[in-house]
Amino acid sequence: MIGNVKIDVRDLNVWFGQNHVLKDITLKIKRNTVTAVMGPSGCGKTTFIRALNRMNELIEGSRTTGEIYIDGKNIYDKETDVYELRKKVGMVFQKPNPFPKSIFDNIAFAPRIHGITDPKTLQEIVERSLKEAALWNEVKDRLKDSALDLSGGQQQRLCIARALAIKPEILLLDEPCSALDPSATAKVETLIRKLAENYTVIIVTHNMQQAARVSDYAAFLYAGKLIEYGGTRQIFENPQNVLTEKYITGKFG
């Protein structure tokens, strides 16, 4: 498994002030898989994925210990370029948050920041990203329209396309379907499975049916601790920990 490990988390602890949010998290995530991070509200799911691109550091009073290796390099080393790290590890948030710009300019925003100004290159990036996010056919004739005019599900796929525009290797999705209706959710779930062909995807979800549908591996967090981690089928059909069993059978959470 060593050669197939994309992310290696070792003894990760995160505090916000006196609040010890994550406690001794250790796990390995394989490349080109979908990993679902599950658990009740307040268990540390979002804090965990934000640790993977050092976004917790943007919160005053945060402190992190432990190590996270991506492709064998500890992202918490002092030499790490956090700017480059966040290019490599893209993130899509719970609520769709398109910029108040055109569909085209939403996707071209990050490439332009990174110095790409050639119109033909930008056009190619926009088309590729929208195709990868399964949105191109729906918006290819509306690229100059405001992204705010898209439906909620289209906005979420636009935000995924925006994250893909700078070719990350890892995609973090924080409850990406929680604000969507069932039809839009189905489209995003299909997209997540497709994205795993080219990206390592980590999705935070409180929807266990969704975790079972889209993920290859599942991690169950409770009170800041990793209770169980393994193949999704094994976690759902033969959990090894009584807490996991209680959670997936709806006895709490």
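Before reading on, note that the structure itself is shown above.
None of these values were measured; they are calculated from a predicted model.

1. Brief notes about the overall build of the chain
Okay, step 1: Scanning the chain from terminus to terminus reveals ten helices and ten strands.
Okay, step 2: Projected onto the principal axes, the alpha-carbon positions of the chain cover approximately 55 × 45 × 35 Å.
Okay, step 3: Here the chain, with 253 residues, has 49% of them falling under the buried criterion.
Okay, step 4: Nonlocal contacts in the chain, meaning residues at least 24 apart in sequence, comprise 67% of its contacts between residues at least 6 apart.
Okay, step 5: Positive and negative side-chain charges in the chain, numbering 35 and 30 respectively, have mean positions lying 1 Å apart.

2. Details of the nonpolar core
The nonpolar side chains of a soluble globular protein tend to be buried, and buried together.
Okay, step 1: Within the largest apolar cluster, 47 residues are counted, with the highest numbers of intra-cluster contacts made by Met38, Leu130 and Ile160.
Okay, step 2: The greatest single-element share of this core, amounting to six residues, is contributed by helix 6 (residues 152-164).
Okay, step 3: Residues Ile7, Val9, Leu172 and Ala219 belong to the second largest nonpolar core, which totals 29 residues.

3. A look at the sheet that holds strand 2 (residues 19-30)
Okay, step 1: Ordered in space as 2-1-4-5, the four strands form an open sheet in which the pairing is antiparallel. Every interior strand has two partners, whereas the edge strands, strand 2 and strand 5 (73-74), have only one.

4. Let's talk about the pattern of salt bridges
Okay, step 1: Taken as a whole and assessed by the stated rule, the structure comprises 19 salt bridges.
Okay, step 2: Ionic pairing is found between Asp71 and Lys6, a salt bridge with its closest N-O pair at 2.8 Å. One end of the pair, Asp71, is in the loop between strand 4 (62-70) and strand 5; the other, Lys6, is in strand 1 (residues 5-16), with 65 residues separating them in the sequence.
Okay, step 3: Lys87 serves as the salt-bridge partner of Glu84, at 3.8 Å between the closest nitrogen and oxygen. Of this pair, Glu84 and Lys87 both sit in helix 2 (residues 82-88), three residues apart, which is roughly one turn of that helix.

5. Things to note about unusual backbone geometry
Okay, step 1: Residues other than glycine seldom take positive phi values, yet Asn32 does so here, at roughly 55°.
Okay, step 2: A positive phi is found at Glu175, a non-glycine position, where the angle reads about 50°.
Okay, step 3: As for its position among the elements, Glu175 is in the loop between strand 7 (170-174) and helix 7 (182-195).
Okay, step 4: Residue Glu175 is classed as buried on the basis of its relative accessible area, which comes to 11%.

6. A word on the pairing of strand 4
Okay, step 1: Note that strand 1 and strand 4 share eight bridges and pair antiparallel. Paired with Val9 across the strands is Ile68, a residue of strand 4.
Okay, step 2: Here two bridges tie strand 4 to strand 5, and the two strands are oriented antiparallel to one another. Bridge pairing in strand 5 links Tyr69 to Asn74.
Okay, step 3: The antiparallel pairing of strand 4 with strand 5 creates a hairpin that spans two residues between the two strands, and Asp71 there sits at a positive phi of about 55°.

7. Comments concerning a nonpolar patch on the surface
Okay, step 1: A contiguous nonpolar patch, built from Tyr83, Phe109 and Ile113 and spanning about 300 Å² of accessible area, is present on the exposed surface.
Okay, step 2: Looking at the secondary structure, you find Ile113 in helix 3 (residues 103-113).

8. Thoughts on the packing of helix 4 (residues 119-132) against helix 6
Okay, step 1: Two numbers describe how helix 4 lies on helix 6: the axes approach to 8 Å, and their chain directions differ by 130°. One way to sum up the angle between helix 4 and helix 6 is to call them oblique. Like other packed secondary-structure pairs, helix 4 and helix 6 cross with a definite hand, here right-handed. Across from Arg128, Ser129, Leu130 and Glu132 in helix 4, the residues of helix 6 making contact are Leu158, Ala161 and Leu164.
Okay, step 2: Residue classes in the contact of helix 4 with helix 6 are distributed as four nonpolar, one polar and two charged.

How each quantity is defined
All chains use their own residue numbering, which begins from 1 and follows the written sequence. Per-residue local features are limited, in this predicted model, to residues with pLDDT of at least 70; the limit for side-chain atom pairs, both in listing and counting, is 80 or more; totals at the level of whole chains, interfaces and linings are taken over all residues. Just so you know, side-chain values use all the structure's heavy atoms and leave hydrogens and water out. Secondary structure elements follow DSSP: runs of H or I no shorter than four residues count as helices, runs of E no shorter than two count as strands, and numbering proceeds from the N terminus. To sort residues, take the accessible area from a 1.4 Å probe on protein chains only and compare it with the maximum for the residue type: under 20% means buried, over 50% means exposed, and anything in between is partly exposed. Any two residues whose heavy atoms approach within 4.5 Å are treated as being in contact. Residues counted as positive are Lys and Arg, residues counted as negative are Asp and Glu, and His and the chain ends are not counted. Positions of charges follow a simple convention, taking NZ of Lys, CZ of Arg, CG of Asp or CD of Glu. Grouping buried Ala, Val, Leu, Ile, Met, Phe, Trp, Tyr and Cys residues that are joined through side-chain atoms within 4.5 Å yields what is termed a nonpolar core. A pair of strands counts as paired when DSSP detects no fewer than two bridges linking them. Any Lys or Arg side-chain nitrogen found within 4 Å of a carboxyl oxygen on Asp or Glu counts as a salt bridge. Each patch is built from salt-bridge-free residues with over 30% relative accessible area, joining like charges within 9 Å and nonpolar side chains (Val, Leu, Ile, Met, Phe, Trp, Tyr) within 5 Å. Values of accessible area rely on a 1.4 Å probe in the Shrake-Rupley scheme; residue burial ignores everything except the protein chains shown. Under this scheme, a helix contributes an axis fitted over its contacting stretch, all axes are lines through C-alpha atoms, and angles between N-to-C directions fall in the 0 to 180 degree range. In this scheme, roughly parallel covers angles under 35 degrees and roughly antiparallel covers those over 145, while 65 to 115 is roughly perpendicular and the rest are oblique. Crossing handedness: left-handed means the near helix sits turned counterclockwise from the far one by under a right angle, and right-handed means the same turn made clockwise. Under the grouping applied here, Gly and all other residues not named as nonpolar or charged are polar, the nonpolar ones being Ala, Val, Leu, Ile, Met, Phe, Trp, Tyr, Cys and Pro and the charged ones Asp, Glu, Lys and Arg.

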